[in-house]
Every structure is written in structure tokens, then in C-alpha cells.
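# Inside the fold
This is what each chain is made of:
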Amino acid sequence: MDTIVLQEPGRFEMTRRDDLPSTPPVGHALVRVHRVGICGTDWHAYRGKQPFFTYPRVLGHELGVEVVAVNDPSSSLKPGDRCAVEPYLNCGQCIACRRGKGNCCVNLQVLGVHRDGEMQQYIIVPTDKLLPSAKLSLEQLALVETLGIGCHAAARGQVQRGEKVLVIGAGPIGLSVLPFLSADGGELIVADVSEPRLEFCRKTAGVRHTIDARSDIIPALKDLTDGDLPTLVIDATGNSASMTKTFDYVAAGGRIVFVGLFQGDVTFNDPNFHRREVTLLASRNALPDDFRRIIKLVEDGKIDTQPWITHRAGYRELLDVFPKWLEPDANVLKAMVSFGGE
Ligand SMILES: [Zn+2]
Ligand SMILES: [Zn+2]
């Protein structure tokens with residue numbers, strides 16, 4: 001089967017691998033990969049900027065697959081089922097796993113990051129990481145993991161109906177949070193330094209209030225919240241300066257969720273933090289319940305996936321198009337690689 005290997009930063013190679021058993025081990029399924037979504041992790045790996053990343057590596061952790069063979073008597077999956085894949089392989093033993101938080105497992109292995117992922121025609125995955133849907137298209141299935149990041153961040157924030165929520169950063173992560181905040185009745189305010197991105201939020205994500213973050217946003221935030229400031233602030237920038245400022249944007253008694261991340265320290269003024277009794281939360285990956293919720297919302301037409309996919313390519317073209325997708329003026333929101341299937 002064809003496999004795309006990132007041999008080192010900036011160099012993909014198409015290889016053939018024939019080491020996959022046709023009968024999967026117990027508890028696993030052999031699946032045909034149809035669609036692979038590309039995200040920030042893949043860009044960083046290609047550029048050599050993904051921390052703790054080792055090469056060579058097969059990328060890909062956002063996928064739409066079809067079951068070929070199942071070796072698991074306890075699973076109801078059958079050949080032909082189409083599935084999204086939860087790419088977070090957790091140990092099941094550690095303190096996080098024992099408490100139902102496999103998303104932040106101490107020994108977490110993410111497909112396409114810590115071990116080889118899905119830029120190949122077939123893979124073997126544990127059956128409990130496959131989430132079937134008879135209704136979603138292969139592309140929609142490959143979008144589920146992306147949306148999972150946002151779904152989990154929104155769940156961490158526990159938004160209340162009618163609550164004013166500020167989302168900072170309208171890139172793919174910020175956009176992935178919005179539909180879940182809306183579904184829970186949050187009143188959205190989005191801040192970003194890019195006017196085209198804010199326009200995208202207003203036109204396609206149903207966001208009423210956007211703020212240009214190139215200058216101080218506090219006056220606009222006060223205007224939109226009767227002087228109170230938002231009680232939930234979600235930072236999706238992964239920018240240290242932005243994350244530091246969230247402590248000034250949140251209302252007394254409010255919550256901050258960091259979903260974007262960067263390699264470094266965030267510092268804040270303790271009296272400012274204490275006076276407001278702020279709750280600070282991190283959000284990492286997503287949980288199986290997040291995946292199930294997304295599939296249901298997309299099946300019910302409550303999330304429109306149409307605007308998400310801006311670029312497409314067949315896997316044989318990937319070596320040529322990948323560097324082009326990296327150009328800022330390519331304006332890639334989500335690029336989707338096809339490994340076959342309609
Ligand atoms: Zn991703
Ligand atoms: Zn664990």
C-alpha cells in the first residue's frame with residue numbers, strides 16, 4: 001500500500017509498505033483510509049517546529065475511514081461501516097485514565113504525532129477508537145477530530161445559556177469552539193487581529209459581535225457586556241501575549257480556558273487573579289463523549305461543515321501541494337487529502 005512518510009522537516013516521500021496483517025489483532029479493526037484532514041500539528045511537523053517530534057513519521061490524525069475487517073467479538077462494527085477515529089491512544093491505567101480523562105493520559109500516544117498515523121491506504125486501530133456514522137460523509141468524518149478540540153474546550157468552559165463568551169483567535173481552533181458555545185446558548189464575541197477572519201465569523205459562523213484585536217479590546221468588551229466584561233474567555237491563539245491579557249478581559253467570578261498552547265511560561269498578576277476569583281482551565285484534545293456529541297450534532301444538521309473545507313487534493317498530489325498550502329495567502333482553513341472513496 002502507498003504510504004506518505006515525512007522523512008525529515010520539509011521532505012515527504014511516497015513509499016510502499018506491505019507489512020500490515022490482513023487479520024487485525026484481537027480488539028482491533030483493519031480500516032481503509034479515505035480522507036485525512038491536515039491541521040496545525042502537521043504544518044508544524046513539516047516545518048520542524050513541533051516540539052518532541054521525531055522523524056521519520058507518517059502524519060495524519062483526522063480521518064474518515066471504512067471498516068474492512070474486525071477482530072473483536074464485543075464490537076458491533078462490521079465491514080463497510082464508515083467511522084471517525086479518535087486518535088488519542090491512552091493507557092487505561094494511569095491516574096487520568098482511571099478518572100475518565102484519557103485525553104490527558106500520562107502515557108498518551110497520538111496517532112500521527114507520537115506514533116505513525118494515517119497518511120497511508122490502510123491502518124489498524126483499536127475498535128473502541130472507531131466512531132461510526134451511517135449519515136456523515138467521509139469528509140465530515142475526517143472533520144470530527146478538529147471539531148473535537150473545540151467541543152472539548154467549550155465543555156471545559158461550561159457555558160450557561162445567555163452567558164457572554166469571548167473567544168480570542170478565529171483560526172481553525174477558535175472556529176471549532178464556536179458551534180458548541182452557540183449550541184449551549186452562549187452569546188459569542190470573537191476577537192482577532194485579522195479582519196477577513198472576523199468577517200468569516202460574522203458571515204458563516206453566526207457570530208454577531210466581533211472585535212479587532214489590533215488595539216485594546218477592553219472598551220469594546222465593556223460596551224458589549226454592559227460594563228461587566230465576559231464571564232467566560234476562551235483563548236485559542238496559542239500566543240503568550242494574548243494569553244497573558246485574558247486575565248484582564250474576564251469578569252469577576254469568571255473562567256478562562258486556554259485551548260491554544262505555546263512552549264513557554266504564562267505569567268499573571270496574583271492580586272488581579274485573586275480579586276476576581278478567576279478559574280483558569282486548560283483544554284487538551286477531546287474525550288469520546290465529545291466525538292459522539294459532534295457526530296450527533298452534524299447528523300442533526302446543527303453544525304454546518306460546508307464552510308470548513310477550503311482545499312482538497314488526492315494523496316499523489318500531496319507532495320506538490322503541501323508546501324503551497326503553507327503559504328499565508330493560500331488562506332487554508334482546512335485542507336483535506338483523499339486516499340480514495342467518493
Ligand atoms: Zn488536528
Ligand atoms: Zn493513561
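Before any of the text, the structure's been laid out above.
First, a word on scope: everything that follows refers to the structure included in this document. (Residues numbered from 1 in each chain as written. Chains lettered and ligands numbered in written order. Predicted model: local features only at pLDDT ≥ 70, side-chain atom pairs only at ≥ 80, totals over all residues. Heavy atoms only, no water.)

On to the overall build of the protein chain. Within the protein chain, the secondary structure is distributed over 10 helices and 17 strands. Since a compact globule built from 342 residues should have a radius of gyration of about 20 Å, the 20 Å found for the protein chain is in line with a globular shape. A burial count over the protein chain gives 50% of its 342 residues as buried. Within the protein chain, counting contacts between residues at least 6 apart in sequence, those at least 24 apart form 67% of the total. Within the protein chain, one finds 38 positive and 42 negative side-chain charges whose respective centroids are separated by 2 Å. (Helix = DSSP H or I, 4+ residues; strand = E, 2+ residues; numbered from the N terminus. Rg over C-alpha atoms; globule rule 2.2 N^0.38 Å. Buried < 20%, exposed > 50% of the residue type's maximum accessible area, 1.4 Å probe, protein only. Contact = heavy atoms within 4.5 Å. Lys, Arg positive; Asp, Glu negative; His and termini not counted. Charge placed at Lys NZ, Arg CZ, Asp CG, Glu CD.)

Attention now moves to the coordination of the zinc ion (ligand 2). In this structure, Cys91 (SG), Cys94 (SG), Cys97 (SG) and Cys105 (SG) serve as the protein donors to the zinc ion (ligand 2), at separations of 2.3 to 2.4 Å. Bound by 4 donor atoms, the zinc ion (ligand 2) shows angles of 103 to 118 degrees at the metal and therefore tetrahedral coordination geometry. On the primary sequence, the residues serving as donors to the zinc ion (ligand 2) are separated as C-x2-C-x2-C-x7-C. A relative accessible area of 28% places Cys91 in the partly exposed class. (Donors = N, O, S within 2.8 Å, 3.2 Å for Na, K, Ca; no water. Tetrahedral: all angles 85-135°; square planar, octahedral: opposite > 155°, others 65-115°.)

Turning our eyes to something else, we now look at the coordination of the zinc ion (ligand 1). Those protein atoms acting as donors to the zinc ion (ligand 1) are Cys39 (SG), His61 (NE2) and Glu62 (OE), and they sit at 2.1 to 2.3 Å. Counting residues between consecutive donors of the zinc ion (ligand 1) along the chain gives the motif C-x21-H-E. A residue pair is termed long-range when its members are at least 10 positions apart, and Cys39 in the loop between strand S3 (28–38) and helix H1 (40–47) and Glu62 in strand S4 (residues 62–71) qualify at 23 residues. The buried category is assigned to Glu62, whose relative accessible area is 2%.

Take the nonpolar core next. Ranked by size, the top nonpolar core spans 88 residues in total, and within it Met119, Leu130, Leu181, Ile234 and Trp325 carry the most contacts. Counting residues per element, this core draws most heavily on helix H3 (residues 138–157), which supplies 9 residues. Ile211, Val233, Phe247 and Phe273 belong to the second-largest nonpolar core, a separate cluster that totals 18 residues. (Core = buried A, V, L, I, M, F, W, Y, C linked by side-chain atoms within 4.5 Å.)

Moving on: the sheet that holds strand S10 (residues 164–168). Pairing is parallel across the open sheet formed by 6 strands, whose spatial order is S12-S11-S10-S13-S14-S15. Taken across any chain shown, the strands that pair with only one partner, and hence form the sheet edges, are strand S12 (209–212) and strand S15 (279–282). The mean inter-strand angle of the sheet, taken between neighbouring strand axes irrespective of direction, is 20 degrees. (Pairing = 2+ DSSP bridges. Axes fitted to C-alpha atoms, helices over the stretch in contact; angles between N-to-C directions.)

This part takes up the packing of H3 against helix H4 (residues 172–183). Remark: H3 packs on H4, axes separated minimally by 7 Å, with the N-to-C direction vectors making an angle of 60 degrees. In this view, H3 runs oblique relative to H4, as classed from their interaxial angle. In terms of crossing hand, the pair formed by H3 and H4 is right-handed. In this structure, H3 contributes Thr146, Leu147, Ile149, Gly150, Cys151, Ala153 and Ala154 to the contact, and H4 contributes Ile173, Ser176, Val177, Phe180 and Leu181. (Parallel < 35°, antiparallel > 145°, perpendicular 65-115°, else oblique. Left-handed = near helix turned anticlockwise from the far one by under 90°.)

A separate point is the packing of aromatic side chains. Applying the stated criterion to the full structure yields 11 aromatic pairs. Each ring, one from Phe247 and one from Phe268, has its centre 4.4 Å from the other, and the planes form 20 degrees; the classification is stacked. One end of the pair, Phe247, is in helix H7 (residues 240–249); the other, Phe268, is in the loop between strand S14 (255–258) and helix H8 (270–275), and 21 residues separate them in sequence. Residue class for Phe247 comes out buried when judged on its relative accessible area of 3%. Both rings, one in Phe247 and one in Phe273, keep their centres 6.1 Å apart while their planes meet at 65 degrees; by these two values the pair is edge-to-face. With Phe247 in helix H7 and Phe273 in helix H8, this residue pair connects regions lying 26 residues apart in the sequence. (Phe/Tyr/Trp six-rings, centres within 6.5 Å; stacked < 30°, edge-to-face > 60°.)

Time to look at H3. For H3, built from 20 residues, the straight-helix expectation of 28 Å at 1.5 Å per residue is met to within 8% by its first-to-last C-alpha distance of 30 Å. When the local axis directions of H3 are compared, the greatest deviation, roughly 35 degrees, occurs at Thr146. With 17 of 20 residues buried, H3 is to be regarded as a mostly interior element. Immediately beyond the C-terminal end of H3, within one or two residues, lies Gln158, with a positive phi of roughly 45 degrees. (Expected span 1.5 Å × (residues − 1). Bend = angle between axes of the 7 residues up to and from the residue.)

Working definition: two side chains of opposite charge can pair if their charged atoms are close together. Scanning the entire structure with this criterion turns up 19 salt bridges. Among the salt bridges present, the one from Asp192 reaches Arg197, with a minimum N-O distance of 3.6 Å. The exposure class of Asp192 is buried, given its relative accessible area of 6%. The shortest N-O distance in the salt bridge between Arg214 and Asp212 comes to 2.6 Å. (Salt bridge = Lys/Arg side-chain N within 4 Å of Asp/Glu carboxyl O.)

What follows covers the environment of Leu63. As for its placement among the helices and strands, Leu63 is situated in strand S4. Through-space distance from the C-alpha of Leu63 to that of Thr146 is 9.8 Å; in sequence the pair is 83 residues apart. In contact with Leu63, other than residues within four places in its own chain, are Val33, Arg35, Cys83, Ala84, Val85, Glu118, Ile123, Leu141 and Ala142.

Here we take up unusual backbone geometry. Look at the link from Tyr55 to Pro56: it is a cis peptide, with omega at -5 degrees. Residue placement: Pro56 occurs in the loop between H1 and S4. Backbone geometry at Glu277 places phi at a positive 45 degrees, although glycine is not the residue there. Tracing the backbone shows Glu277 in the loop between H8 and S15. One non-glycine residue, Asn331, lies in positive phi territory at about 50 degrees.

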